[in-house]
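Structure assessment
Here are the chains, one letter per residue:
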Amino acid sequence: MSLSIFDLFKVGIGPSSSHTVGPMIAANRFIDNLKANQYFAQVARVKANLYGSLAMTGKGHSTDIAVMLGLLGEKVDKVNPDNVEQFIQQIQRDKQLNLAGEKRVKFDPETDLVMNFGESLKQHPNGMRLTAYDSAGIILLNDVYFSVGGGFVLSLDEISKTGETVDLGFVEPYPFNTAKELVDSAAKAGISIADLVLANEAVRPNSEDIRQRVLHLWQVMSDCIDRGCAQTGVLPGELKLRRRAHKLRAELVDHPEKSLQDPLTLMDWVNLYAMAVNEENAAGGRVVTAPTNGAAGVIPAVLAYYVKFIPNSNEDGIVKFLATAAAIGMLYKKNASISAAEVGCQGEIGVACSMAAGALCAVMGGSIYQVENAAEIGMEHNLGLTCDPIAGLVQVPCIERNTMGSMKAINAARLAIRGDGEHHVSLDSVIETMRQTGMDMQDKYKETSTGGLAVNAVAC
Ligand code: SF4
C-alpha cells in the first residue's frame, strides 16, 4: 500500500473523519458513479442506509448531515461550515435535495436516511448503502461503501481487494511497509525520515508545490486554533457542553505574570491549542484530519508548541514535523488501523500521539532511532484506550483526551531525546500489539457508545 502525506492529513469538517468526512466523500463518489454510468439524468429519488457504528453513533457524529452534504455535491475541503444548517433545513422542509447541485430529487430524511441499529455489514463496522431510483421506483444504482477511518473510503469491490498488489503507475524511491524498513532505508540513504517521505511524495502524480501544500495544512490548523479560542457558548448536542478554550486563553493572556511563578503554564497553552481545535471539530468547523477528526487536536497542539515555544522554529521545521508525522501515521494505516470502530481510541488519540511524538523528536534534533523510539513510547502508553463517547458526540471524553494525547506526545519526545535511540520495544511491535488489542476489544468500546463512559456517565 502506498500512501501520501495528504492521505494522512486532509482538510475537512468536524466532528468525525470516519463518520462525517468519509460518508461525505462516499456520497460524492456515488454521484460520480451515477454520472459515469449515465444514470444521473434518470434519478428521481435517492436513499441512504447506514450500518454498524455509522448507525449507532451516526446522529452524534453528524453522519446524516454528511451524507446529505455529499449528495448535494459539497466537498469536504470546500464546504462552508456556516452554510450547513441552512442546507439541511431546506432538505428537511422540501423533502427534496438538489443532487450534485444540479437536479432536484426526492429525499425525505425521515424515511430515506435509515440508521440500521444493531445491523452491520460483514466487511467493516462502518458500512453504508446508497441507492438511486428512477421515477418508476426502479433501482438504477445500489452502491456500498465503507468508511475505514481517517476519511479513507473503500467501495465493496475495493474492500474485497484489500491487500492485493496494484500497479500505481509510479515507483517510490524509498518504499516501506514497516518501521524497520523505514528506519533502515533512511539510515542507508543517510537522510531523515521526513526527507524520505518527501522524496516518495515527489514521484506521485500532482506532486507540485508539496512544501506549500504542507505549509497550508499548518495554516488551516493554526486558523482552527484561533477560531476555537475566539468562540464562546455551548457546543451542539444534548450535552450542552460549554466551550472552554476562550476562557482559558483569556486567563493566560490577562495574567502573563503567572507564567513566571508557574513554569507549567506551558502545559496550559498546549492544552488550550488542543481544546480549541477539538471544540471547533465538535461544532462541525473546519479542521485538518490528523489522522482522524476525533484526534484532530493533538498534532496541531504539539506543532503549535514547536512553533511558539521551541527556539529557532521555522517553516523548514514545520514541513519536517508534518512529513515525519505522516510517515509514522502511514505505518499504523498499513499495519493496524486508524479507525476507532475497528480498534478503539488507541487508533485515534494513540496514533495521533505517536505521530506527534516522533515528529516533535525530529524537529528537536532527534536521530531517526530516537524518532522511532518517541513514536513507540507515544503509542505504548495509549494501548487499550477505548472509544466510548457520551451520547455519541465527539465531545466527552474526546476534547480533553486530545489535551492528554498532546502532553503525552511531548513527554514521549523528551524521553526519547534524553535516550540514545536504543529501546526495548520496537515501533513495529507496539503497532502489532495495538492491532491485536483492538481485535480483542469488545464492540461496545469501539465507537458504538454502548459501553464505558457512554453508559456510566449521565448524558444531561
Ligand atoms: S473516544 Fe477517542 S476515538 Fe472515540 S470519538 Fe472520542 S476521540 Fe474519537
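Refer to the structure printed above.
The text that follows walks through the structure, step by step, so that each part is easy to find. These figures come from a predicted structure and were not determined experimentally.

**Regarding the nonpolar core**
Within the largest apolar cluster, 105 residues are counted, with the highest numbers of intra-cluster contacts made by Phe-9, Ile-299, Leu-322 and Tyr-332. Two domains share this core, each providing at least three of its residues, namely domain 1 (16-160) and domain 2 (179-204 + 206-456). Residue contacts for Phe-9: discarding those within four places in its chain leaves Leu-217, Met-221, Val-288, Thr-289, Ala-290, Ile-299, Leu-322, Ala-325, Ala-326 and Met-355. Counting 40 residues, the second-largest nonpolar core is a separate cluster that includes Leu-71, Leu-72, Ile-88 and Leu-141.

**Some remarks on the pattern of salt bridges**
Per the stated rule, a full pass over the model turns up 17 salt bridges. In this structure, Asp-94 engages Arg-104 in a salt bridge whose closest nitrogen and oxygen atoms are separated by 3.0 Å. In this pair, Asp-94 is assigned in helix 5 (residues 84-94) and Arg-104 in strand 4 (residues 103-106), connecting sequence segments ten residues apart. For Arg-104, a relative accessible area of 43% puts it in the partly exposed group. Between Arg-211 and Asp-316 there is a salt bridge, with the nearest N and O atoms lying 2.9 Å from each other. Placement of the pair is Arg-211 in helix 10 (residues 210-230) and Asp-316 in helix 15 (residues 315-335), with a sequence separation of 105 residues. What emerges from the salt-bridge pattern is a single network uniting Arg-93, Asp-94 and Arg-104.

**Let's talk about the packing of aromatic side chains**
Per the counting criterion, the structure on display carries two aromatic pairs. Arranged with centres 6.2 Å apart and planes meeting at 40 degrees, the rings of Trp-269 and Tyr-273 form a pair that is tilted. One end of the pair is Trp-269 and the other is Tyr-273, both in helix 13 (residues 265-282) and four residues apart, which spans about a single turn. Look at Tyr-273 and you get buried, because its relative accessible area is 4%. Ring geometry for Tyr-305 and Phe-309: centres 6.0 Å apart, planes at 25 degrees, overall stacked. You can see Tyr-305 and its partner Phe-309 sitting in helix 14 (residues 298-309), four residues apart, about one turn around the helix. Against the face of Phe-6 rests Arg-213, its NZ or CZ located 3.9 Å from the ring centre. Sitting over the face of the ring of Phe-176, Lys-334 holds its NZ or CZ atom 4.6 Å from the ring centroid.

**Topic: the pairing of strand 3 (residues 96-99)**
Burial along strand 3 is one-sided: Leu-97 and Leu-99 are buried, while Gln-96 and Asn-98, pointing the other way, are not. Where strand 3 and strand 4 come together, four bridges link them in antiparallel fashion. Residue Leu-97 lies in a different strand from strand 4, and its bridge partner there is Val-105.

**Topic: empty space enclosed by the protein**
The full count for this structure, using the stated rule, is three cavities of 30 Å³ or more. Its boundaries defined by the atoms lining it, the largest cavity holds a volume of some 160 Å³. As for the largest cavity, its lining consists of 17 residues, and the residues nearest its centre are Gly-294, Glu-348, Cys-387, Val-394 and Cys-398. For the lining of the largest cavity, the per-class residue count stands at nine nonpolar, four polar and four charged.

**Observations concerning the site of the ligand**
As a structural note, the neighbourhood of the ligand is formed by Gly-294, Ala-340, Cys-345, Glu-348, Cys-387, Asp-388, Cys-398 and Arg-401. Cavity membership is defined here by more than half of the atoms lying within 2 Å of grid points; on that basis the ligand lies in the largest cavity. Of the residues contributing to the shell around the ligand, the split by class is four nonpolar, one polar and three charged.

What counts, and at which threshold
Residues numbered from 1 in each chain as written. Predicted model: local features only at pLDDT ≥ 70, side-chain atom pairs only at ≥ 80, totals over all residues. Heavy atoms only, no water. Core = buried A, V, L, I, M, F, W, Y, C linked by side-chain atoms within 4.5 Å. Buried < 20%, exposed > 50% of the residue type's maximum accessible area, 1.4 Å probe, protein only. Domains from an automatic or database assignment. Contact = heavy atoms within 4.5 Å. Salt bridge = Lys/Arg side-chain N within 4 Å of Asp/Glu carboxyl O. Helix = DSSP H or I, 4+ residues; strand = E, 2+ residues; numbered from the N terminus. Phe/Tyr/Trp six-rings, centres within 6.5 Å; stacked < 30°, edge-to-face > 60°. Lys NZ or Arg CZ within 6 Å of the ring centre and 35° of its normal. Pairing = 2+ DSSP bridges. 1 Å grid on protein atoms, 1.4 Å probe; cavity = no way out; pocket = protein on both sides within 12 Å on 5 of 7 lines; lining within 4 Å. Points joined across faces, edges and corners; volume = space filled by probe spheres on them. Nonpolar A, V, L, I, M, F, W, Y, C, P; charged D, E, K, R; others polar. Near = heavy atom within 4 Å. Sits in = over half its atoms within 2 Å of the grid points.

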